[in-house]
Structure formats: structure tokens, C-alpha cells
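Coordinate analysis (summary)
Chain residues, written in single-letter form:
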Amino acid sequence: MKKAFLQLHLSVFLAGFTGILGKLITLNEGLLTWYRLLISAVTLYLLFLWRGMLRKLPVRDVLNIGANGLIIGLHWIFFYGSIKYANVSIGVICFSLTSLFTAIFDPLINRRRFEVVDVLLSLLTLCGILLIFHFDTQYRTGIILGIISSMFAALFTVFNKRLLQRFDTYTVGFYELLMGTLCVSAILPFYLRAFPVVSLLPSWKDTVYLLALSWACTIWLYALNLNALKKISAFTVNLCFNLEPVYSILLAFLLFQENKYLNLSFYAGLFCIVLSVVLQMMRVIRLHRR
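To start, this report covers the structure provided alongside it. Just so it is clear, the structure is predicted and the values come from calculations on it, not from any experiment.

Inspection of every chain in the model, using the stated rule, returns 12 aromatic pairs. Site record: aromatic cluster; members linked through ring pairs are Tyr-45, Phe-48, Tyr-170, Phe-174 and Tyr-175. Its guanidinium or amino end placed over the ring of Trp-76, Arg-36 lies 3.7 Å from that ring's centre, counting from NZ or CZ.

And the structure:
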């Protein structure tokens, strides 16, 4: 259990850089997501081929896993859209709502009773977000995109928990990235027609950031996160990912001076979010000891 928590928190730390890299990369959210998926899928394919780890699955299983690949692709598009239309702080704080949506979706999808404590902890996170935004409509578009992103993130984790009961970690990760790439590739022409860009190719700086995003913040993060999911509930994983904003916001303060636009209510809200994570961690450890 300790190893699983260490893997989980390392993956959260890596996730803290995804928002920063998304801000630094000049491509729009659609192209950014497509390149991230493509580089990650190709890298995993070559790695698995070299190590003889590539596992062929029936078409039905590939499609089941691939559906979750589409979900993660949509999550990334809306997540980076939130950052582009608002800022890093807004995008990553909206991601904290993932635990609330998980507390709702998990019982509905897996047909089990609602956990009152899960819902209460999620509402504490929601209170934190309301304090942070202080009902400010300045970043309305970014906030809406961020909330939609957190819904897809919750669905992704809930379905991943089910997939890992049948398949190994790396097989799930590879086929999700592969099918996610294919699905986003099919959507991208229509997306770019609605939101045209000057260039389809990344600059050399964007290329470096995309490689870091794909290798460290996708492949390595994926492996750590999926391994943790084998022993930790989907709700706990998503609640712990509420710490991602802490890392991202601190980096945004240093790199983009976003603290200039934040007030006391922001820090009060951030405290509520961190408190919800600490309480859940204490609860999980106590139940495990029992």
C-alpha cells in the first residue's frame, strides 16, 4: 500500500507540470493533444516492440479500451482549452472537481451505493473552488471548459479501474493512447476548420516541450497512476490528484507571475482543497489498518 501511495503522489507531482507545459506550448489545444497522444503512442509501441511486451488483443477488447482513449483525448482538449482561455491556475483548480464527479459516476456505473463521506469530501473541494473563483465571471469560458474536462477525467479513471481487472497496466496504457490518437485524428480536421491555426507544425521549442509532456508527463505518469489504481480506489486516486493544482499553481507563480491576479479567497479555497485530500488520506490509511 505504501508503494502504491508513493507511485500515486509521484504521478501527481508529474501531472503538476502538464498545465505549465500546456501554457508554454504555443499550439492550440486540439493540435497539442494530438501531438501528445501521437508521440506517446509511437514511443510506447517502439518500446514494447523492442522488449517483446506487445500484446495483441481481440478487436472487441481493443475497442473497449479505445473508448477510454477517446475519453482521455477529450479530457486533454478541454483541459488545455481551459488553460488557453483562462490561465494555468484556473485550469488546474477546475480539475479538482474530478473527485466530485467520480463520487457521482463511480456508484452509477458500477452499481454500488453512494459513499456519503466521498460526497462530503468532494463538497469540501467544491467549496474551495467557489472561494477561489469568488463568483468571478472574468474567466467564464475557461471555467466551463475546465469543468467539462474534470467530468471526462472522472469517467476515465472509473473505466480504467474496471479495465485493470482484466488487462495489465501497460497493455491498457498502450491501446488507450493508440486508439486515442486515431479518434482525435478523425476529429482534428473538423476541429481545425472551426478553430484555424497559422501552422500545423510545432516550433523547436514546442517540440522540446511536447517530448517532455509525452515522455515524462504521459508515459511515466500513466505507468505510475495505473499501478497505483490496482490497490487504491478510483475516488482516492482522483481526490489525491487534487494536489496537482498546488504544484501547478506554485510553478505558475514562479514562471507567469499569476499570483498578481489572486486574492485571499484563492488561498482560503486552496486550503479547503488540500484539507479534503489530507482527510481522505487519513481515512484510507485508517481503514487499511483495520
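Turning our eyes to something else, we now look at the packing of helix H2 (residues 29-51) against helix H9 (residues 204-229). Direction vectors running N to C along H2 and H9 enclose 65 degrees, while the axes themselves pass 9 Å from each other. Read as a crossing pair, H2 and H9 show a hand that is right-handed. On H9, the residues touching Leu-32, Tyr-35, Arg-36, Ile-39, Ser-40, Thr-43 and Leu-44 of H2 are Leu-210, Leu-211, Leu-213, Ser-214, Trp-215, Cys-217, Thr-218 and Ile-219. When the residues that make up the contact of H2 with H9 are grouped by side-chain class, the tally is 10 nonpolar, 4 polar and 1 charged.

Turning to the packing of helix H3 (residues 59-85) against helix H8 (residues 169-194), a few remarks are in order. Contact geometry of H3 with H8 gives a least axis separation of 7 Å together with a crossing angle of 55 degrees. When the axis of H3 is compared with that of H8, the two are oblique. When the axes of H3 and H8 are compared, the crossing they make is right-handed. Along the contact surface, H3 presents Val-62, Leu-63, Ile-65, Gly-66, Asn-68, Gly-69, Leu-70, Gly-73, Trp-76 and Ile-77, while H8 presents Val-172, Tyr-175, Glu-176, Leu-177, Met-179, Gly-180, Cys-183, Val-184, Ile-187 and Tyr-191.

How each quantity is defined
- Numbers given to residues run from 1 along each chain, matching the order in which its sequence is written.
- Predicted model: local features are reported for residues with pLDDT of at least 70 only, side-chain atom pairs are reported and counted for 80 or more only, and whole-chain, interface and lining totals are derived from all residues.
- Here the side-chain values reflect all heavy atoms present in the structure, with hydrogen atoms and water set aside.
- Note on aromatic contacts: the rings of Phe and Tyr and the six-membered ring of Trp form a pair at centre separations within 6.5 Å, being stacked when their planes are under 30 degrees apart, edge-to-face when over 60 apart, and tilted otherwise.
- Each ring is checked for a lysine NZ or an arginine CZ that lies within 6 Å of its centre and within 35 degrees of its normal; such an atom marks a charge sitting over the ring.
- Axis lines are fitted through C-alpha atoms, for helices just across the contact stretch, and the angle between N-to-C directions can take any value from 0 to 180 degrees.
- Numbering of helices and strands runs from the N terminus, with a helix taken as a DSSP run of H or I at least four residues long and a strand as a DSSP run of E at least two residues long.
- In this scheme the crossing of two helices becomes right-handed for a clockwise turn of the near helix relative to the far one and left-handed for an anticlockwise turn of less than a right angle.
- Contacts between residues were defined by any pair of non-hydrogen atoms, one from each residue, lying within 4.5 Å.
- Residues were grouped as follows: Ala, Val, Leu, Ile, Met, Phe, Trp, Tyr, Cys and Pro as nonpolar; Asp, Glu, Lys and Arg as charged; and all remaining residues, including Gly, as polar.
- Geometric relationships in this document are graded by angle, where less than 35 degrees denotes roughly parallel, more than 145 denotes roughly antiparallel, 65 to 115 denotes roughly perpendicular, and other angles denote oblique.

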